[in-house]
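Survey of secondary and tertiary structure
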Amino acid sequence: MPTVDRAGIPNFRQGPIGFLKLRQLEMTGKVPPALERQIFERMDARPQPHVIFDSHAVVGLWAIVASAYTYIFGENAKGNKTVTAIDVQSNGCVGPANLKVDHAENLWLACGSSPSDAGVIQAYAPGSKKPSATFTDSFTCGEGCYFDANANDVATDSSGHVFAANPFSETCDPSCTDWTYPLVWWNATSPSSPAAGIAEPDMTNGDYIDVDPSGNLYVEGYGCIDSQCGAMLDEISNPTTASPKITHLIAPYASSSVGALYVSNRGQVLNLVDSESRTMLQYALPWVSHESPFNVLGPTPTNYYGGGYPIAGGFDRGDKQAVLGDAFGWLDVGKVAKNRWSAVTNVNLFPGVLGAAYVPSDK
């Protein structure tokens, strides 16, 4: 844990690893979301980026930058030039954490907080700087009872469902119990309706999620089975029903990595990012018991000092190119067939990139 100042706020270095460490501590429940907001506000002394919104810009990929100024940057197809930007904080998105682009090229954004403190999921139509829909990660559970959570990732399926992964959640009735619903969902056509919780008794934190074409939900998070605790991977079939089926694909194991998952190749491949080794492990779907990766992409590049930490990303429409946001301030762009990677950056990406998504994507 970092040291704290007189106000009780951790002394994070104002750089990409400071933001990354903050995200890791929040995801493991060591930094409350309210304190995280204070830390981001403390970082507002940085110069504001010079960006404009262009509704006619041809966006090749979107990137979330770890900055107190919560813009989502639209880059060209190579990722080396910013062509537009959305001021998502002005739309009520505080602490954007991850994003995806669906088949219709809508941008889906997971926000850790909002003016109401609950996380939100936002959808942006192509060429728009205002969300077409906002889903609040909160609901009432009876008289005097309420649920709030902080979203870290988003996924959508072909049946019109929207999912959020919650690294922190609590149910208060009236006393509060933490980590009650690591996952929630909504109907995409009813953003004003309350979320519905998905309980996973063995998992406290839902960190990253994605779905396959059959509607199965995959979740990377933190939990415990018996006495073994750590990062784990689940598959949840029928996730929006009263009786979802939970299958533990990878049991909890000790890991300091905070990496994402992504379903690619029309639902045939599950990709797991290992941030420490700077690799992406590829597993065949449907999952087979005790399965091992059939391929490993990476390692991704490092800088002169050996630094590099890929976090989250995805694939282009043909699954020929992959992109990962890197906490050290660039985009890791890879040619899948040759497993050849390069680091691509521009001035807006220097604070560190939490996630990226191609337009069009392979969804």
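Before reading on, note that the structure itself is shown above.
As a starting point, this report considers the structure included with it. Predicted model, so just to flag it, every value in this text is computed and none were measured.

With that out of the way, let us pick up the overall build of the protein chain. When helices and strands are tallied, the protein chain shows two helices and 28 strands. A total of 363 residues make up the protein chain; the buried ones form 56% of that total. A separation threshold of at least 6 residues defines the contact pool for the protein chain, and within that pool the share at least 24 residues apart is 48%.

In total, this model carries two salt bridges according to the counting rule given. Here Lys100 and Asp153 are joined by a salt bridge, their closest N and O atoms 3.0 Å apart. With Lys100 in strand 4 (residues 94-101) and Asp153 in strand 10 (residues 153-156), the pair connects residues that are 53 residues apart, well separated along the chain. Note on Asp153: relative accessible area 0%, which makes it buried. Between Lys363 and Asp210 there is a salt bridge, with its nearest N and O atoms 2.6 Å apart. Highlighted residues: Lys363 in the segment after strand 28 (353-358) and Asp210 in strand 16 (residues 203-211), separated in sequence by 153 residues. Residue Lys363 is classed as partly exposed on the basis of its relative accessible area, which comes to 27%. When its relative accessible area of 1% is taken as the criterion, Asp210 is described as buried.

Another aspect to go through is the sheet that holds strand 15 (residues 196-198). With antiparallel pairing, the four strands of this open sheet are ordered in space as 10-11-14-15. Whereas interior strands pair on both sides, the edge strands pair on one side only; in this sheet they are strand 10 and strand 15. Recorded for the sheet is a direction-independent mean angle of 25 degrees between the axes of neighbouring strands. Relative to strand 11 (residues 161-165), strand 10 runs antiparallel, the two being bridged by four bridges. Of the residues in strand 11, the one forming a bridge with Ala155 is Phe163.

In this section: the state of the cysteines. Tallied over the entire structure, the rule returns four disulfides. Disulfide pairing places Cys141 opposite Cys145 at an S-S distance of 1.8 Å. On the sign convention where negative means left-handed, the S-S torsion of about -80 degrees between Cys141 and Cys145 marks this disulfide as left-handed. What makes Cys141 partly exposed here is its relative accessible area of 36%. Overall, Cys145 belongs to the buried group, its relative accessible area being 6%. The disulfide bridge from Cys224 ends at Cys229, spanning 2.0 Å between sulfur atoms. Taking the torsion about the sulfur-sulfur bond, which here is approximately 110 degrees, the covalent link between Cys224 and Cys229 counts as right-handed. A residue is classified by how much of its surface remains accessible, and Cys224, at 29% relative accessible area, is partly exposed. Shown here for the protein chain is a disulfide pattern of 1-2, 3-4, 5-6, 7-8, where each number marks a bonded cysteine counted in sequence order.

Another point: the side chain of Asn348. Inspection of the secondary structure assignment puts Asn348 in the loop between strand 27 (340-344) and strand 28. For Asn348, the side chain forms a polar contact with the side chain of Thr82, separated by 3.0 Å. Sequence-distant contacts of Asn348, defined by excluding residues within four places in its chain, comprise Pro49, Val51, Val65, Phe73 and Thr82.

Another point: the environment of Ser292. You can see Ser292 is positioned in the loop between strand 22 (279-284) and strand 23 (295-297). Taking the C-alpha atoms as reference points, Ser292 and Leu281, separated by eleven residues in sequence, lie 9.0 Å from one another.

On to the pairing of strand 25 (residues 321-326), then. A large share of strand 25 lies buried, amounting to five of its six residues. Bridge analysis of strand 24 (residues 310-315) against strand 25 gives four bridges, and the strand direction is antiparallel. The residue bridging Phe315 from the neighbouring strand is Ala322, located in strand 25. Where strand 24 folds back onto strand 25 in an antiparallel hairpin, the turn is made up of five residues, including Asp319, whose phi is positive at roughly 55 degrees. Adjacent in sequence and paired antiparallel, strand 25 and strand 26 (residues 330-335) are bridged by three residues, among which Gly329 carries a positive phi angle near 110 degrees.

Conventions we followed
- Residues numbered from 1 in each chain as written.
- Predicted model: local features only at pLDDT ≥ 70, side-chain atom pairs only at ≥ 80, totals over all residues.
- Heavy atoms only, no water.
- Helix = DSSP H or I, 4+ residues; strand = E, 2+ residues; numbered from the N terminus.
- Buried < 20%, exposed > 50% of the residue type's maximum accessible area, 1.4 Å probe, protein only.
- Contact = heavy atoms within 4.5 Å.
- Salt bridge = Lys/Arg side-chain N within 4 Å of Asp/Glu carboxyl O.
- Pairing = 2+ DSSP bridges.
- Axes fitted to C-alpha atoms, helices over the stretch in contact; angles between N-to-C directions.
- Disulfide = S-S within 2.5 Å.
- Polar contact = N/O pair within 3.5 Å; in protein donor to acceptor, adjacent residues only side chain to side chain.

Nothing here speaks to function; it is all geometry.
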